[in-house]
Structures are given as structure tokens and as C-alpha cells.
Amino acid sequence: MKLLTHNLLSSHVRGVGPRGFPLRLQATEVRVNPVEFNPDFVARMIPKVEWAALLEAADTLHLAEVPRAPTEGYEHDEDFLRKMHHVLLEVEVLEGTLQCPESGRLFPISRGIPNMLLNDEETET
Amino acid sequence: MPALAELVLEEEKDVTEKVEYVSGKVFFTTCSDLNMLKKLKSAERLFLLIKKLFPFTASSSKGKILNEVQQLVNNDPRSWLDAISTWKNLLKLGVREELSQRDAKPPKRKMRENETIIAKKLKTEEIQKIEENHRECQLEEQTEDTLEQRDSTTRRDKLEKEEIQKEVEKAAGAHSQEDLTFRVSCRCTGTIGKVFTSQEVGRIIGIALMKQFGWKADLRNPNLEIFVHLNDIYTVAGIPMFRAPLASRTYIKTAGLRSTIAWAMASLAEIKVGTFVLDPMCGLGTILLEAAKEWPDGYYVGADVSDSQLLGAWDNLKAAGLNDKIELLKVSAIELPLPSESIDIIISDIPFGKKFKLGKDIKTILQEMERVLHVGGTIVLLLSKDHHRLLKDCGGSHMPLDSKGTHANEPGIKKCLNPEEKTDTSERVTSSYEAGNRECSDKMLPFGSLVPVECYEVSLGKTNAFICKYKKSSASGP
């Protein structure tokens, strides 16, 4: 699971609503993969990023050199884009957990795949 | 299936003329070489046309029809021989291209070489090729059976090249026409299929070919494969251009959904750089693989509830080298752990069959899809006939509007954590219905903001299905 994906995930435990975001990340196994850098792609991701969530996750993983916010004119700031590229796409959580901040429910991450299935009592519908 | 004909045109834009679409086959002329044609994604198989005629009149006596079948060969042997030399040329060209690519010759030189050959071809003969959209397993030994055991795509690619080389050697090996070994694969459907079996007709053609040209039949490993299709609309004979069907991709290890359909769905979805593309029931990931291969600049997320499917998908991703482009989640499509309006594109193959009951489940899934989609986002679904009819019927009689209007009243915001959206979902369905001023097309989904854009019926072999595209509009209306 990449941090860009983590940035999207939200808990859907009953009654939690928007307080289910962001999920608290705990990682026991992390891998860094080189991924081809596409500045256009990264630039388009920036407006979609939830920064607080990203920074929280990056801190948990003790990542260095994480930009705290988009710079002015970031679309052309290659240094910034490369750093973001690294944080969002090259760091992969293979084993760990995601925790709903409101209910405390833990969702395991195994082989890079988060399991967010709920049992019947926990679901909204 | 006009849509696929259009997709073929799109793919072959610069070099296709004279396209004709008839009952699952697209007939076109082109000056592309084999390597270009090999990349066609929307077609199952590619044939070089030998003959295309009006259908045989099935009402005549059996003897008469047999005679006509024989005439297919004997009336005009020249066209058979011409087709075969074109076929040989194409294969040779294909290999030459491969070789020159491997030697990394300067591109300019390659171009010139191609140009002269193509010009010559156009002068001497018109090349017509058939494409077929249905799967027809006539080839007895599918080389992909052995290929599926291999893991790496590069190995598979290499094998494909070797296959083409083998074909050329075989073709060249038949120095004169007399040395050629062949096999006829025949398919008889429609009225004529009731009079003759495919084997009968195939045998007659085979015998006629042997008598006319002196070729030898070889059912196991012929130089040349002849494919004949007789039905109520046409009589067609052609030479298949590749061993494995085009639909069998080098980059997909185990296909779930037919890859031509998956590719067609992905192309309808309008994937651009940086779009979030979700398949909430991805299974083995076929759709995402096709999409990520062709449009590598999207961000792809696949979800499924089944461990075995996810494992299979993961294997596919690895084999295709697309692990970095496609993320997998174990989540339920009925409840997506995603904020509202966070996804740009959803492409999905809605499961057919009794496991997914018509009614509650599919509606819940659609509601979730609608919720997570951005305004202006696109959904492309593959629906069974039943699902399609259900959605048509539901939508026709009324048009529910989002009475609260909270869900989609902020079209500009990309990620909207709407505090009320969870309660909204159930309310929207039971809210009061208004006959709006808006025109209600009879295919409208029973959700205010999903507007149908296009819908195509496609064949999946034994059954038909529908590819349907929707866009999410702002529900607050015009």
C-alpha cells in the first residue's frame, strides 16, 4: 500500500462518518521501490493530497525530507516534485495496520493489501 | 457492434480505408505491417481475406450447395494464390522489422524499406483483412497454453517473435505452392449450418484445394491455416495472421474478463494523466491491466472481497510488471472505505449470475459508486442483459432527485467529506420523486446524478452483455 492510497482511505465503521479519516498507520514492514518519475502525474496529484494525513503517515514511517506543504509554483519545482514522488509512490507498506481514529477498529495490511472488510454488526447498512 | 468498429478505426486511424462492418467481423484495408496490427486491442483475431461472397443459397439441393462450395476454390484459383503470397510477404516483413529493431538500425533506413515494400504491395494487390470479434477456437493447439506456464513477459514476448519466425520459415519452406501443407477450419452457422456440418464443408474445401493446387493436408502442424465461415450473411475465407488470438495478451497471465472487452471499457472511460481509476470488483484485475498498459499515467486501484481473486490479481500485476501502477484493496463494493467524491473514474464488470441478486445488491453497489465519484466523473460498467433491463425499467418511470441536495452541491471541491452523506444514501432512494423538467431518457439510472452517455451490446461468446457509460452530473440540476 502506497501513501497515496493511504491518503484516500477512510474508515466506514458505523456512525463514524468523516471522523474516520485519516486512518492511523502502523507499519511493521516497509519497502522502498524505485518508480519511474513522471512530473506531470505528480503535479496533478498535489491538489488532491490531504496534507495532514500524508504528513502524519510519513512521520509514522520516519520518512525524511517530506515537504510540509506545496510550494509556490510547485508544478515546475522539480526538487519538490521528486520528493513528493518519493513519498507518495515509492514507499510501500507491506505489513502493518490501519486504525480508525474514532472507533479504534484495526484493519490489517498484509502483503501490501489492506483488508478493510467489516463484519455485519460493524457496517452502516 | 459499431462501437468496436469505431475503436478499430481509431486504432488504425492513419492507414485504414474501406471499412465494412458485418455481423461481428470488421473488414478493412490497410497498409500497416503485421507488427502494428498485432497491437490492435479491440479485436479478437485478425485474418487476411481470401474471398468474401454472398451467402450460398441454402434452399438449393445438397448437391448444388456442395458444388458451390467447390467453386469457392475452383472458380478463381488466382485469388487464393495471391492471398497466399501476400500472406508470405507479410510474415517476411514482420520478421524483417523485428530483426532490424533488434539490430537497432537507424529508424530512417527502416522507414524507407517499409515504404517501398508497402508501395509495391499497394500496386500489385489490395490487401484486405478481416477481424473477428467473437472468440472462435478453431486452432487446435493454442500456443498460449504452453506460454501460460511462463512467468515473465519478456520471455513470452520473445516466444511470440520466435513464433512469427517459425511461421516465416514454414511459409518460406514451402518453396513452391506444391510443397505447402494446410489445414481447413470451417464454421457453418445459420440456415446452411442446418444442412451441413462444419466438418463436412471443411472436408470438401480441403479436397478441392488439394485437387486444385496439389497441397498436402496436415492437421497437426500445417504451414498454412485456412479459415472459412459460412452463414446467412456472407461466405468468407481467410488466413489467420497470428497463432494466438490477439485477445491473448503477452502481459496478462490469467485473464478473467475477455481482454478485448476490458480494453474497450477502458477506452470509453477517458483516462487522463493523474486520474484516480477504481475497479471496485476487480477480480483478477483484467480491466485494470488493460487500462494501465495503454494509459500508464492514471492511478489505478482495484478492490475485491476474495483472497483468491486478489492473489490472482497480484500475480497478474507482477507478471505484467504493473505492480507500481495498480494498488489492491480488500474491500467490499457495497461499502467503499473512500470519502465521497474522491474518485475520477470507475470501471467495473458487474458480476452476472445468481450470486448477485438483482435488486438490492446491485443498487447498493451503484449507490456507492455514485457516492465516491467526482462530479463530472465517468462510470463504465459491463452489465448482463438482466441487470441492464432492470436498470432501464427502474429508471423509466420516475426520476428521483436528491431532495437534500447536500451531496453534490459543491462541484468544485475535489475531496468532500460530507458529514451527512452516510444518512443521505438511504434517504435519497426513498425521497419524493419529481417529474423534473429535465428530459428523462428511458435508460436513466434511478439515481439523480448519473446520466447515461452511451451503451453498447457486446458478445462474450456464449452470451451478450452491455457496456454502459455514465457521467455524474451535478444533481442540483440545470
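Quick caveat: nothing in here was measured; it's all calculated off a predicted structure. (Residues numbered from 1 in each chain as written. Chains lettered and ligands numbered in written order. Predicted model: local features only at pLDDT ≥ 70, side-chain atom pairs only at ≥ 80, totals over all residues. Heavy atoms only, no water.)

Describing the overall build of chain A
Across its full length, chain A carries four helices and four strands. Out of the 125 residues in chain A, the part that is buried amounts to 52%. For chain A, long-range pairs separated by at least 24 residues make up 68% of all intrachain contacts whose partners lie at least 6 apart in sequence. Carbon and sulfur atoms form 48% of the exposed surface of chain A, whose accessible area is close to 5,900 Å². (Helix = DSSP H or I, 4+ residues; strand = E, 2+ residues; numbered from the N terminus. Buried < 20%, exposed > 50% of the residue type's maximum accessible area, 1.4 Å probe, protein only. Contact = heavy atoms within 4.5 Å. Areas by Shrake-Rupley, 256 points an atom, 1.4 Å probe, with all protein chains shown as cover.)

Description of the overall build of chain B
Along its length, chain B carries 15 helices and 15 strands. Taking contacts inside chain B between residues at least 6 apart in sequence as the whole, the part at least 24 apart equals 78%.

A word on the packing of aromatic side chains
Taken as a whole and judged by the stated rule, the model has seven aromatic pairs over all chains. Between the aromatic rings of B:Phe47 and B:Phe227, the centroid separation amounts to 4.5 Å while the plane-to-plane angle is 25 degrees, which identifies the pairing as stacked. Of this pair, B:Phe47 sits in strand β3 (residues 45-53) while B:Phe227 is found in strand β7 (residues 224-230), placing the two residues 180 residues apart along the sequence. With respect to burial, B:Phe47 and B:Phe227 carry one shared label: buried. Measuring from centroid to centroid gives 5.6 Å for B:Phe276 and B:Tyr299, while their planes differ by 75 degrees, and the two rings are edge-to-face. Taken as a pair, B:Phe276 in strand β9 (residues 276-279) and B:Tyr299 in strand β10 (residues 299-304) lie far apart in primary sequence, 23 residues in all. Judged by its relative accessible area of 3%, B:Phe276 is buried. Judged by relative accessible area, B:Tyr299 falls into the buried class, the value being 2%. Among the aromatic residues, ring-to-ring pairing joins A:Phe41, B:Phe276 and B:Tyr299 into one connected group. (Phe/Tyr/Trp six-rings, centres within 6.5 Å; stacked < 30°, edge-to-face > 60°.)

Examining helix α9 (residues 198-213) of chain B
In a regular helix each residue adds 1.5 Å, so 16 residues correspond to 22 Å; α9(B) covers 22 Å between its end C-alpha atoms and thus fits that length. Looking one or two residues past α9(B), B:Gly214 carries a phi angle of roughly 80 degrees, positive in sign. (Expected span 1.5 Å × (residues − 1).)

Here we look at the confidence of the model for chain B
All names here are of chain B. Averaged over every residue, the pLDDT of chain B is 69; the share at 70 or more is 58%. Below a pLDDT of 50 lies the segment residues 101-156, which in the model reaches 125 contacts outside its immediate sequence neighbourhood of four places, other chains included. The model gives residues 395-444 a pLDDT under 50, and that stretch makes 83 contacts with residues more than four places away or in other chains. Interface predicted TM-score (ipTM) for the complex: 0.93; the corresponding pTM is 0.63. (pLDDT = per-residue confidence, 0-100.)

Here's the deal with the sheet that holds β9(B)
All names here are of chain B. Across the sheet, seven strands lie side by side as β11-β10-β9-β12-β13-β15-β14; this open sheet has mixed pairing. The two strands at the open ends of the sheet, each matched to only one other strand, are β11 (326-330) and β14 (450-459). Shown here is a sheet whose adjacent strand axes are inclined to one another by a mean of 15 degrees, direction ignored. For β14 and strand β15 (residues 464-472), the ladder comprises nine bridges, and the chain directions are antiparallel. From the neighbouring strand, tyrosine 456 faces β15, where its bridge partner is isoleucine 467. (Pairing = 2+ DSSP bridges. Axes fitted to C-alpha atoms, helices over the stretch in contact; angles between N-to-C directions.)

Section: the pairing of β15(B)
Residue and element names in this part refer to chain B. β15 sits mainly inside the fold: seven of its nine residues count as buried. One ladder, built from seven bridges, connects strand β13 (residues 373-384) with β15; its direction is antiparallel. Within the sheet, the bridge partner assigned to leucine 383 lies in β15 and is phenylalanine 466. Two successive antiparallel strands, β14 and β15, enclose a turn made up of four residues, where glycine 461 displays a positive phi of approximately 95 degrees.

Looking at the side chain of B:Ser348
All names here are of chain B. Checked against the element boundaries, serine 348 lands in strand β12 (residues 343-349). The exposure class of serine 348 is buried, given its relative accessible area of 0%. The residues contacting serine 348, other than those within four sequence positions of it, are Met265, Asp279, Pro280, Met281, Ile287, Met369, Val380, Leu381 and Leu382.

Some points on the sheet that holds strand β3 (residues 106-110) of chain A
Residues and elements named next belong to chain A. Ordered by their spatial adjacency, four strands build an open sheet running β1-β2-β3-β4, and the pairing between neighbours is antiparallel. Unpaired on one side and paired on the other, β1 (24-32) and β4 (113-114) mark the two borders of the sheet. Two strands pair when backbone bridges link them, and β1 and strand β2 (residues 91-99) are joined in this way by eight bridges, in the antiparallel orientation. Bridge assignment links glutamine 26 to a residue of β2, and that residue is threonine 97.

A word on the nonpolar core
In this structure, A:Leu25, A:Leu98 and B:Met369 are the most contacted members of the largest nonpolar core, which totals 67 residues. Excluding anything up to four places from it in sequence, B:Met369 contacts B:Pro280, B:Met281, B:Ile346, B:Ser348, B:Ile350, B:Ile379 and B:Leu381. Ranked by size, the runner-up nonpolar core spans 42 residues in total, among them B:Leu40, B:Ile65, B:Val73 and B:Val228. (Core = buried A, V, L, I, M, F, W, Y, C linked by side-chain atoms within 4.5 Å.)

Section: the interface of chain A and chain B
If you look at the interface, chain A gives 34 residues, while chain B gives 29 residues. Of the roughly 3,000 Å² buried where chain A meets chain B, counting both sides, 64% is carbon and sulfur surface. Where chain A meets chain B, there are two salt bridges. Of the charged contacts in the structure, one is a salt bridge between B:Asp344 and A:Lys48, with a shortest N-O distance of 2.8 Å. Taken together, the links from chain A to chain B amount to 10 residue pairs in polar contact (both at pLDDT 80 or more). Residue assignment for the side of chain A that touches chain B shows that the elements contributing at least two residues are α1 (3-6), α2 (39-45) and β4 of chain A. Among the elements that line the side of chain A that touches chain B, the one with the most residues is α2(A), at four residues. (Buried area = accessible area lost by both parts, 1.4 Å probe. Salt bridge = Lys/Arg side-chain N within 4 Å of Asp/Glu carboxyl O. Polar contact = N/O pair within 3.5 Å; in protein donor to acceptor, adjacent residues only side chain to side chain.)

Some thoughts on helix α3 (residues 51-60) of chain A
Residues and elements named next belong to chain A. Of all the positions in α3, only Trp51, Ala53, Leu54, Leu55, Ala57 and Ala58 are classed as buried. Where α3 is buried, its residues touch α1, β1 and α4 (78-90). Immediately downstream of α3, the backbone of histidine 62 shows phi near 55 degrees, a positive value.

A short note on the environment of B:Val69
Residues and elements named next belong to chain B. Considering the arrangement of structural elements, one finds valine 69 in helix α3 (residues 62-74). Residues valine 69 and isoleucine 204, spaced 135 residues apart in sequence, show a C-alpha to C-alpha distance of 7.3 Å. In this structure, valine 69 is in contact with Phe56, Val201, Ile204 and Ile205, ignoring residues within four places of it in sequence.

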